Amino acid sequence: MATTAFDSPARNTRAQARKRVASADRAITPSPDPQPRIATRDVKSPVPELNPRTHSYEFAGPIGATILSVTMPMIVLGLNVLCTPDGCPAASWVSSTTALAAHLQPRVAWSALFDPGALVAYLGWFAWCVAMYRLLPGDTVRGTPLRNGQTLLYKINGFNTLVFTVICLLLVVNFHGPDLLLYIADNFVPIIFSAILFTYAMSLGLYLASFKGTKLLALGGNSGNPIYDFFIGRELNPRIGNFDLKQFCELRPGLIGWLLLDVAFLTKQYVTAGYVTDAMALVVMFQAIYVIDALYNEPKVLTTMDITTDGFGYMLVAGDLLWVPFTYTLQARYLSQMPATHLGWLGVLGVLALNALGYYIFRSANSEKDAFRSDPTGPRVKHLRYMETAAGSKLLISGWWGRARHINYFGDWLMSVAWSLPCGFAHPIPYFYPVYFAVLLVHRFYRDEHKCKTKYGKDWDKYCALVPYRIVPYVW
Ligand code: NDP
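Residues numbered from 1 in each chain as written. Predicted model: local features only at pLDDT ≥ 70, side-chain atom pairs only at ≥ 80, totals over all residues. Heavy atoms only, no water.

**Student:** Could you give an account of the UniProt feature "transmembrane region" (unreviewed entry) in the protein, with specific residues and numbers?
**Tutor:** On the UniProt side, "transmembrane region" (unreviewed entry) is annotated at positions that read residues 59-79, 119-136, 157-176, 188-209, 270-292, 312-330, 342-362 and 429-446 here. Between the end C-alpha atoms of residues 119-136 the distance is 25 Å, and the span holds 94% helix and 0% strand. Annotated as residues 342-362, this span is 90% helix and 0% strand, and its ends, taken at the C-alpha atoms, are 28 Å apart. (UniProt positions renumbered as here; feature names shortened; annotations may be inferred. Helix = DSSP H or I, 4+ residues; strand = E, 2+ residues; numbered from the N terminus.)

**Student:** A description of the packing of helix α16 (residues 344-374) against helix α18 (residues 407-420) should follow, citing residues and the corresponding values.
**Tutor:** Their axes nearest at 7 Å, the elements α16 and α18 cross at an angle of 155°. By the criterion of interaxial angle, the relationship of α16 to α18 is roughly antiparallel. Helix-helix and strand crossings are classified by hand; for α16 and α18 the assignment is left-handed. Listed contacts from α18 to V351, L354, N355, L357, G358, Y359, I361, F362, A365 and N366 of α16 are I407, N408, F410, G411, D412, L414, M415, V417, A418 and W419. For the contact of α16 with α18, a count of residues per class yields 14 nonpolar, five polar and one charged. (Axes fitted to C-alpha atoms, helices over the stretch in contact; angles between N-to-C directions. Parallel < 35°, antiparallel > 145°, perpendicular 65-115°, else oblique. Left-handed = near helix turned anticlockwise from the far one by under 90°. Contact = heavy atoms within 4.5 Å. Nonpolar A, V, L, I, M, F, W, Y, C, P; charged D, E, K, R; others polar.)

**Student:** Describe the side chain of S223, listing the residues and the values that go with them.
**Tutor:** Secondary-structure assignment places S223 in the loop between α8 (188-209) and α9 (226-232). Using a relative accessible area of 14% as the deciding quantity, one classes S223 as buried. Side-chain polar atoms of S223 contact the backbone nitrogen of N225, separated by 3.0 Å. Contacts of S223, omitting those with residues within four sequence positions, involve R53, T54, Y57, Y228 and D229. (Buried < 20%, exposed > 50% of the residue type's maximum accessible area, 1.4 Å probe, protein only. Polar contact = N/O pair within 3.5 Å; in protein donor to acceptor, adjacent residues only side chain to side chain.)

**Student:** Quick one: what's the story with empty space enclosed by the protein, residue by residue and with numbers?
**Tutor:** Each pocket or cavity is described by its volume, and for the largest cavity that value is around 50 Å³. Considering the residues around the largest cavity, the lining is formed by G143, T144, L146, T151, L152, Y154, L302, I307 and T308. In terms of lining, the second largest cavity is formed by F286, I289, Y290, N355, Y359, M415 and W419. Those elements that provide at least two residues to the lining of the second largest cavity are α12 (278-296), α16 and α18. When residues in the lining of the second largest cavity are grouped by element, the largest group, three residues, is from α12. When the residues that make up the lining of the second largest cavity are grouped by side-chain class, the tally is six nonpolar, one polar and no charged. Summarising the domain contributions, the lining of the second largest cavity has at least three residues from each of domain 1 (1-30 + 343-476) and domain 2 (58-82 + 110-342). (1 Å grid on protein atoms, 1.4 Å probe; cavity = no way out; pocket = protein on both sides within 12 Å on 5 of 7 lines; lining within 4 Å. Points joined across faces, edges and corners; volume = space filled by probe spheres on them. Domains from an automatic or database assignment.)

**Student:** Quick rundown of the pattern of salt bridges? Include the residues and the values.
**Tutor:** Enumeration over the complete set of coordinates arrives at nine salt bridges. With its nearest N and O atoms 2.6 Å apart, the salt bridge here joins R363 to D293. In this pair, R363 is assigned in helix α16 and D293 in helix α12, connecting sequence segments 70 residues apart. (Salt bridge = Lys/Arg side-chain N within 4 Å of Asp/Glu carboxyl O.)

Here is the structure:
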């Protein structure tokens, strides 16, 4: 999430993933063993050139990696410290920076940050997710082929984990009341701090473990500079037996945790104010749809850059376990502290319409490309115009992908705005997500342009001439 890329047209649907497992099994080896394992030829020790040195840096190299490693947790903590159970201090956009500084000071006290109970709660949540991953049933799906010739198998039961967790939570609330959820809402800051400690510990462990034995390393994470490699991620697919740490962290503790935190804040509002506002209900509903959608389509994550290309290091660990659950919940947390924020019917309809528009663009653009990449002659896409390229892949030049080169980003961003508008305009905090997300999407756009220019060469220039808008039609 670190980009936490929840949906990609390049990623397959469950049915397509099963089809891919089946055809891959036919092509390579039958796999009667339902447990995830290395499925194809057993390459015991990758030849040295499979792990070449990384010679180019991203994120401004070791200096950028150091700055981001230190500041990411501070930003997460700072954003959440600003709104306390006593309310959000800044009444205007202008005064918010001063207020943040003022509020940070007393809160930085160790006792306000570290609480053994919160640490146990956080570790308990992580252990719960591990147990569910191991115990609950799920499909086994083959990942994309790795550069050492292997293909890994992945257990897909994120959606089952979500459903089972929700059932258990309902039972707990039914028999013991909302205390567990209130504990989470009331101890949010020490829980974040526990997640920060866990993130550093896990990233360090992953970095050190990457030197043990012969591992397949990420092409971008083998520079030899310890800080940079720790940040980017050295090992490509760290596993304990058949337990894939990267796939596990992508969608489970952080993403399901996001929803759990949202529900905790909704409960907090209900218990303290005696009602749930329309604004809170909308925010939690929108985000729940997004999380459910991502977990239901879990196989799609296997073809994302996060899984296929990036090493598993601090960048992804912090993104998955820290950034997503503790910054994507800012709107719900804000509303739990500010129960007077109501939308009214007109506001509700406006925000519903904006979210529906964003979702429509996001889903149909992604699905259109997904369908086209699976079968360009299929009934849903055969009417679309496309151009041939020397690289072999066709590029759509009509439909959604004829309107802008990344119209799917536009839809996703519209949804992020719809999640913030219910919070009103009294405070900038709820708008952190759309602002950050815009930066992320523009950065991602340029990374993808670079990739496509490298892959398609002059054909990409022709495509850009035919489809001049980048993300927003007629604007940019
Ligand atoms: P995209 O869906 O944007 O796919 C980009 C790839 O599509 C290109 O590399 C190219 O691959 C192919 N492509 C580009 N143009 C065309 C065309 N005209 N016709 C056919 N294929 C084309 O990938 P992302 O993973 O960046 O985004 C997927 C979704 O995930 C988006 O909706 C995005 O908003 C979302 N996302 C969400 C995040 C979050 O935190 N919530 C974070 C990041 C992404 P090739 O030609 O090689 O097949």
